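Survey of secondary and tertiary structure
If you want the building blocks of each chain, they are given just below.
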Amino acid sequence: MPSTIELKQETEVKVESIPAHVPIVKIDKLNVYSKGTHILKDVSTVIPKNKITVLLGPSGCGKTTLLKCLNRLTDLYPDLKINGSIKIDGEDIFDAGRDITTIRQKMGLLLQRPYPLPMSIYDNIAYGLKLKGIRKKKIVNAKVEKHLKEVALWDEVKDRLKTSAQRLSIGQQQRLCLARGLAVEPEIILADEPSSALDPISSKVIDEEFLRLKSDYTIILVTHSLRQAKRLGDNIIFMYYGEIVESGPAEQVFENPQSKILQEYLRVGH
Amino acid sequence: MILSRKLKDSISSKWMLACLSFCLLLPLAIGSGLVLKSLPLLQSHSLKELIFSEDWFPSDNQFGFWPFIVTSVWVTVLALIISIPLCLLSSIYLTQFAPKWVLKFMRPVIDILAGIPSVVYGVWGLLVIVPLVGDKIAPLFHQDSLGYSLLAGAIVLAVMSIPYILNMLLEVFRQIPVELGEASLSLGATKWETIKHIFIRKGSSGILSAFGLGFSKALGETIAVLMVIGNVPQIPQSMFDSGYTLPGLIANNYGEMMSIPSYDSALMFGALLLFVIIVIINIIFRYIIYKSELI
Ligand SMILES: Nc1ncnc2c1ncn2[C@@H]1O[C@H](COP(=O)(O)OP(=O)(O)O)[C@@H](O)[C@H]1O
Ligand SMILES: [Mg+2]
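As a starting point, this report considers the structure included with it. Because the structure is a prediction, the values reported are computed rather than measured.

About the thresholds
Residues numbered from 1 in each chain as written. Chains lettered and ligands numbered in written order. Predicted model: local features only at pLDDT ≥ 70, side-chain atom pairs only at ≥ 80, totals over all residues. Heavy atoms only, no water. Core = buried A, V, L, I, M, F, W, Y, C linked by side-chain atoms within 4.5 Å. Buried < 20%, exposed > 50% of the residue type's maximum accessible area, 1.4 Å probe, protein only. Helix = DSSP H or I, 4+ residues; strand = E, 2+ residues; numbered from the N terminus. Domains from an automatic or database assignment. Contact = heavy atoms within 4.5 Å. Near = heavy atom within 4 Å. Polar contact = N/O pair within 3.5 Å; in protein donor to acceptor, adjacent residues only side chain to side chain. Nonpolar A, V, L, I, M, F, W, Y, C, P; charged D, E, K, R; others polar. Pairing = 2+ DSSP bridges. Right-handed = clockwise from strand over helix to strand, strands pointing away.

Describing the nonpolar core
Counting residues in each nonpolar core, the largest one holds 92 residues, and the members touching the most others are A:Val25, A:Leu70, A:Ile86 and B:Phe65. With 13 residues, helix α12 (residues 263-294) of chain B is the single largest residue contributor to this core. Two domains each put at least three residues into this core: domain 1 (4-106 + 186-269) and domain 2 (117-185) of chain A. With near-sequence residues (within four places) excluded, A:Ile86 lies in contact with A:Val25, A:Lys26, A:Ile27, A:Leu30, A:Cys69, A:Leu70, A:Glu91, A:Asp92, A:Ile93 and A:Phe94. Judged by nonpolar contacts, the second largest core, of 46 residues, contains A:Ile134, A:Ala165, A:Leu168 and A:Leu266.

Right, here's the structure in full:
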């Protein structure tokens with residue numbers, strides 16, 4: 001285990017030295033099929049570092065599938081056939097022989113609904129650390145505190161760290177899930193409609209969190225809420241039936257949509 | 001119209017309450033019936049003597065149930081030691097690793113196994129397991145055994161309890177949301193780490209219930225065990241010895257020993273013991289489950 005930590009630290013140093021405009025994720029001709037259906041069609045795009053890239057599109061268009069390709073959770077579904085390439089920091093994640101667990105630790109995942117691990121609040125965050133081989137009580141304690149503060153949860157839970165995470169409110173659970181993802185020190189945050197199950201206040205907290213976090217992380221946010229896309233997005237990728245129809249900087253995409261479908265989507269969404 | 005709907009509504013809820021009360025009262029009724037029937041024996045013998053004495057000589061009016069209690073619990077625990085790891089690993093394999101069609105194929109197989117009458121398992125035990133234990137397994141351990149033994153009983157019982165426990169475990173693992181696994185994997189866990197640390201913990205109360213129910217069912221199993229365990233009222237010294245279980249004792253002798261006074265009362269007391277053991281085991285499992293849910 002210790003060797004992987006050292007490795008990890010090295011790669012982090014390397015990423016730090018990459019200038020911000022360099023893409024961190026490069027997707028090339030990605031196709032995903034499931035039995036008869038073609039779920040993602042020739043998806044090619046780049047995702048820039050330290051920006052919030054919003055995946056926008058009606059439900060069923062393949063946003064979640066694209067997100068799951070990025071950290072290869074698609075491995076869980078043997079039905080899915082995937083070809084094309086996804087490069088993260090220049091390394092193809094589909095290359096045989098790449099260690100999938102280190103690839104996944106580069107990305108924190110936030111799902112539609114929070115799924116706290118069946119353990120205490122403290123252990124929810126310590127879990128990822130343990131997997132990385134970090135076991136020293138002092139370090140773990142410090143990291144738990146740091147990341148709970150990062151998501152503005154520390155003050156609410158500091159007196160009950162050892163109680164079950166299941167007893168938190170949904171909004172708190174979602175922030176805990178964000179914190180546990182941050183604790184493994186990813187470069188990228190993958191968020192799949194993270195506030196769709198939350199009340200307005202919790203979802204605002206998450207939104208603000210993202211705006212703050214983007215100076216340290218690259219965020220890929222799936223949403224079908226136009227409002228959230230406008231509030232948070234630096235870059236927009238608009239998808240429709242498995243294809244990227246339009247993409248670019250937020251102002252450009254929203255002010256000057258090129259395709260009929262996006263124009264329609266923006267009009268209906270208002 | 002509205003009146004009749006309201007009436008139906010209130011009648012149906014009362015009806016359900018009645019059913020529920022019936023279910024709740026049933027164990028109480030059975031328990032008190034057994035106490036009543038074993039009273040004659042309890043009046044002439046002390047409880048301590050009945051439970052802890054090893055002497056089973058009904059014709060001398062000595063009724064020590066200790067050998068039966070020990071055999072029953074021992075054979076059940078042994079059976080679960082065999083079947084629990086098998087069930088746990090197969091349910092994990094079937095729900096997490098195997099292609100979907102394997103699970104689809106296994107379901108009816110499990111149902112068929114569960115539907116086989118216990119006497120058939122008994123015959124199979126008699127023809128296959130008893131000789132296997134006597135001729136093959138016991139010599140491995142440098143033991144002499146006729147084959148009619150706790151081990152033979154435990155193997156038959158284990159096989160019988162597999163479909164029962166497996167079915168419950170499959171349900172437990174099926175109900176764990178995929179997203180929980182995705183969350184764990186995305187933190188860098190391997191599939192095995194995810195199963196070990198997350199799924200087993202998430203399913204712990206269901207898994208424990210399955211074990212508890214399996215225990216109760218195995219403890220009460222009668223015919224199949226009776227056919228292979230030898231039915232000798234003694235405290236077995238090893239798993240290659242014969243024994244006699246409480247259910248076996250009752251099934252073999254009820255209504256047969258009219259000549260011996262208080263024999264029937266003693267058998268009722270045996271049933272009461274069985275009942276009490278099952279209640280105690282259930283309480284213990286409930287407590288463990290309660291504790292496991294607190295985390
Ligand atoms: N594991 C899978 N097997 C088969 N089809 C799938 C699978 N996952 C997603 N799909 C299909 O792919 C399409 C896109 O789904 P998804 O990526 O969840 O869309 P979105 O997140 O944009 O709502 C849907 O039609 C869905 O039915
Ligand atoms: Mg989706």
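This is not the end of the story, as more comes after the structure.
Observations concerning the site of ligand 1
Residues and elements named next belong to chain A. Ser34, Ile39, Pro58, Ser59, Gly60, Cys61, Gly62, Lys63, Thr64, Thr65, Tyr77 and Leu80 make up every residue found near ligand 1. In the model, an oxygen atom of ligand 1 is placed 3.3 Å from a nitrogen or oxygen of the cysteine 61 main chain. With respect to ligand 1, the backbone of lysine 63 contributes an N or O atom lying 2.9 Å from an oxygen atom. Ranked by residue count, the leading element in the shell around ligand 1 is helix α2 (residues 63-70), at three residues. Residue composition of the shell around ligand 1, grouped by class: five nonpolar, six polar and one charged.

Some points on unusual backbone geometry
Residue and element names in this part refer to chain A. Residues other than glycine seldom take positive phi values, yet lysine 29 does so here, at roughly 45 degrees. Positionally, lysine 29 belongs in strand β1 (residues 23-34). If you check the backbone angles, aspartate 42 has positive phi at about 45 degrees while not being a glycine. Relative to the assigned elements, aspartate 42 resides in strand β2 (residues 37-48).

Observations concerning the pairing of strand β8 (residues 218-223) of chain A
All names here are of chain A. Judged by how many residues are buried, β8 sits mostly within the fold: six of six residues are covered. Every second residue of β8 is oriented toward a common face, with Thr218, Ile220 and Val222 on one face and Ile219, Leu221 and Thr223 on the other, all of them buried. Bridge analysis of strand β3 (residues 52-56) against β8 gives five bridges, and the strand direction is parallel. Within the sheet, the bridge partner assigned to leucine 56 lies in β8 and is threonine 223. In this region the chain leaves strand β7 (residues 188-192), passes through helix α8 (residues 200-213) and returns to the parallel neighbour β8; the handedness of that crossover is right-handed.

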